Amino acid sequence: MKLRFSHPSPLLAILAVVTSIAAARAEVAMPLASHRAAYEISLSDTDSNRPPSGQTPISASGLIAYEFRGSPCEGYASNFRQLTELQRNEGSPVSSDIRALTFEDGDGKSLSFQIDSQNSGDAAPPIVGSAARSDAGATTVKLTKPSAEKIEIGKDVLFPTQHVEAIIAKARSGGGTMEARVYDGSDTGKKVFATLTVIGKEATSPGPDAATAEALGKMRRWPVSVSYFDEATKDGPPEYVLSFDLYENGVSGTLKLDYGAFVLTAKLSKLEWLPTPACAK
């Protein structure tokens, strides 16, 4: 799962070197679990060490609702909503409401998406489109909203589910660092993220998320940190850094989202398993 939150920042471009997408899919130890998860948003305690300003939030609240369904045969559908409100020392609260629907085919050759967002009650134009990968590997984005546009984003691009699978494959092989170009249709629909993922050693004891879902306490998991950069902008910090425990079935545990000026925590508060369709033999 990739969080979305409107927060501009200068970025760094990274040239990605990724493992073969097909190989990454083949190495996933178990099917990605269809599930529905809820996360409660708050301001992270780590913000106490950051210099305050009039625009620095003094509190945060909100909710993430995330549903993921599918299989390698039928493809993967996700339904994401994030509601966030930041209370500042000065001025009115800043609110964000982002909804994203995506569908990624099981072979990772195409992605369709629709993203709707509001910032402090002002609705932004919806972002609607699709991306397709040719047999030669080049990826083409076709936007239909807010206006029709065709964009070539090159080769070696991962869609969101592929990215998760590649991280799990890397974790199972010992972890370390991984660079990848990732496209999910977010922001303006034109942005490709250059990502740097750091994967720690496999945890040896149940984590805090096991209190929410007992099954997670019996599952392999790894601490993961993913930095997202806009590859079109040179020499700058990431837009944000997402840290969490990644479980072998693709579930994300409690999240920490670092925007540089502030950090949000999204605590896993509910997890419901959904039926995962079996592939026809």
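Conventions we followed
Residues numbered from 1 in each chain as written. Predicted model: local features only at pLDDT ≥ 70, side-chain atom pairs only at ≥ 80, totals over all residues. Heavy atoms only, no water. Helix = DSSP H or I, 4+ residues; strand = E, 2+ residues; numbered from the N terminus. Buried < 20%, exposed > 50% of the residue type's maximum accessible area, 1.4 Å probe, protein only. Areas by Shrake-Rupley, 256 points an atom, 1.4 Å probe, with all protein chains shown as cover. Phe/Tyr/Trp six-rings, centres within 6.5 Å; stacked < 30°, edge-to-face > 60°. Lys NZ or Arg CZ within 6 Å of the ring centre and 35° of its normal. Contact = heavy atoms within 4.5 Å. Salt bridge = Lys/Arg side-chain N within 4 Å of Asp/Glu carboxyl O. pLDDT = per-residue confidence, 0-100. Pairing = 2+ DSSP bridges.

### Structural notes on the overall build of the protein
So, point 1. Helix and strand content of the protein: two helices and 16 strands.
So, point 2. Expressed as a percentage of its 281 residues, the buried residues of the protein come to 47%.
So, point 3. When the accessible area of the protein is evaluated, it comes to approximately 13,200 Å², of which 54% is carbon and sulfur surface.

### Topic: the packing of aromatic side chains
So, point 1. Throughout the structure, instances matching the rule amount to seven aromatic pairs.
So, point 2. Centre to centre, the rings of Y66 and F80 are 6.5 Å apart; their planes meet at 70°, and the pair counts as edge-to-face. Linking Y66 in strand β2 (residues 57–71) with F80 in strand β3 (residues 75–88), this pair joins segments that are 14 residues apart in sequence.
So, point 3. Take F80: its relative accessible area is 2%, and that puts it in the buried class.
So, point 4. Taken together, a centroid distance of 5.8 Å and an interplanar angle of 55° make the contact between Y240 and Y259 tilted. Of this pair, Y240 sits in strand β14 (residues 240–247) while Y259 sits in the loop between β15 (252–258) and β16 (263–273), and the two are 19 residues apart along the sequence. The pair formed by Y240 and Y259 is uniform in burial state, with each residue classed as buried.
So, point 5. One aromatic cluster is present, built from ring pairs that chain together F193, Y228, Y240, Y259 and F262.
So, point 6. Seen from the ring of F159, R133 lies directly overhead, with NZ or CZ sitting 4.8 Å from the centre.

### A few points about the environment of L32
So, point 1. Here L32 lies in the loop between α1 (21–26) and β1 (35–43).
So, point 2. The exposure class of L32 is buried, given its relative accessible area of 6%.
So, point 3. Residues L32 and R69, 37 residues apart in the sequence, show an inter-C-alpha distance of 8.7 Å.
So, point 4. Residues in contact with L32, not counting those within four places in the same chain, are F68, Y76, T161, E165, I168, N249, G250 and T276.

### Regarding the pattern of salt bridges
So, point 1. Under the counting rule described, the total for this entry stands at 14 salt bridges.
So, point 2. Two residues, D97 and R81, come together in a salt bridge whose shortest N-O distance is 2.8 Å. Placement of the pair is D97 in strand β4 (residues 94–104) and R81 in strand β3, with a sequence separation of 16 residues.
So, point 3. The exposure class of R81 is partly exposed, given its relative accessible area of 27%.
So, point 4. Residue E231 pairs with R181 through a salt bridge whose shortest N-O separation is 2.6 Å. Of the two residues, E231 sits in the loop between β13 (221–230) and β14 while R181 sits in strand β11 (residues 176–182), which places them 50 residues apart along the sequence.
So, point 5. Accessibility expressed as a relative area gives 13% for R181, which makes it buried.

### Some words on the confidence of the model for the protein
So, point 1. Averaged over the protein, the pLDDT score is 87; the fraction of residues at 70 or greater is 85%.
So, point 2. Under a pLDDT of 50 for its full length, residues 4–28 has, in the predicted model, 82 contacts with residues more than four places off or in other chains.

### Here's the deal with the pairing of β15
So, point 1. Bridge count for β14 against β15 is five bridges, and the pairing is antiparallel. Note that in β15 the partner of F244 across the bridge is L255.
So, point 2. The hairpin formed by β14 and β15 contains four residues between the paired strands, and G250 there has a positive phi angle of roughly 90°.
So, point 3. Where β15 meets β16, four bridges bridge the pair, whose relative direction is antiparallel. Paired with K256 across the bridge in β16 is T265.
So, point 4. Counting the residues that bridge the hairpin from β15 to β16 gives four residues, and of these G260 lies at a positive phi of roughly 90°.

### Section: the side chain of D245
So, point 1. Here D245 lies in strand β14.
So, point 2. Excluding residues that lie within four positions of it along the chain, D245 makes contacts with D209, R221, W222, P223, V251, S252, G253 and T254.

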